[in-house]
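Structure assessment
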Amino acid sequence: MDMETVRLVQIVEKLVPELVPFLTERELNLNIVLRDGLAFLEPEDAVEIVQHSICEHQKEVLLQ
């Protein structure tokens, strides 16, 4: 499968919707590139992506 770019909100809503209230609008709108596409993700993968995205977002905020 080809790479697919999706917004983080698509991943979270599909696999771990209980996390939506804990994420900011900016975090939810982050673009995520998936090597094998959204169809192959598991909930554990989604949690890992969320964790990494939050860390990267925090780094950007600290640098500003």
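Look above for the structure.
Quick caveat: nothing in here was measured; it's all calculated off a predicted structure. (Residues numbered from 1 in each chain as written. Predicted model: local features only at pLDDT ≥ 70, side-chain atom pairs only at ≥ 80, totals over all residues. Heavy atoms only, no water.)

Within the protein chain, the regular secondary structure consists of three helices and two strands. Taken from N to C terminus, the helices and strands of the protein chain fall in the order β-α-α-β-α. The C-alpha radius of gyration computed for the protein chain amounts to 12 Å, which stays within 12% of the reference 11 Å derived for 64 residues, consistent with globular compactness. The dimensions of the protein chain, computed from C-alpha atoms along their principal axes, are 35 × 25 × 15 Å. The buried share of the protein chain, reckoned over its 64 residues, is 31%. Intrachain contacts of the protein chain at a sequence separation of at least 6 include 72% that bridge at least 24 residues. (Helix = DSSP H or I, 4+ residues; strand = E, 2+ residues; numbered from the N terminus. Rg over C-alpha atoms; globule rule 2.2 N^0.38 Å. Buried < 20%, exposed > 50% of the residue type's maximum accessible area, 1.4 Å probe, protein only. Contact = heavy atoms within 4.5 Å.)

Moving on, we come to the environment of T5. If you trace the backbone, T5 turns up in strand β1 (residues 4-7). Remark: the alpha-carbon pair of T5 and F22, spanning 17 residues in sequence, is separated by 22 Å. The residues contacting T5, other than those within four sequence positions of it, are N31, I32 and V33.

Let us now look at the pattern of salt bridges. For the structure shown, the criterion picks out one salt bridge. The closest approach of N and O atoms between R35 and D36, which form a salt bridge, is 3.6 Å. On the basis of relative accessibility, which here comes to 34%, the residue D36 falls in the partly exposed class. (Salt bridge = Lys/Arg side-chain N within 4 Å of Asp/Glu carboxyl O.)

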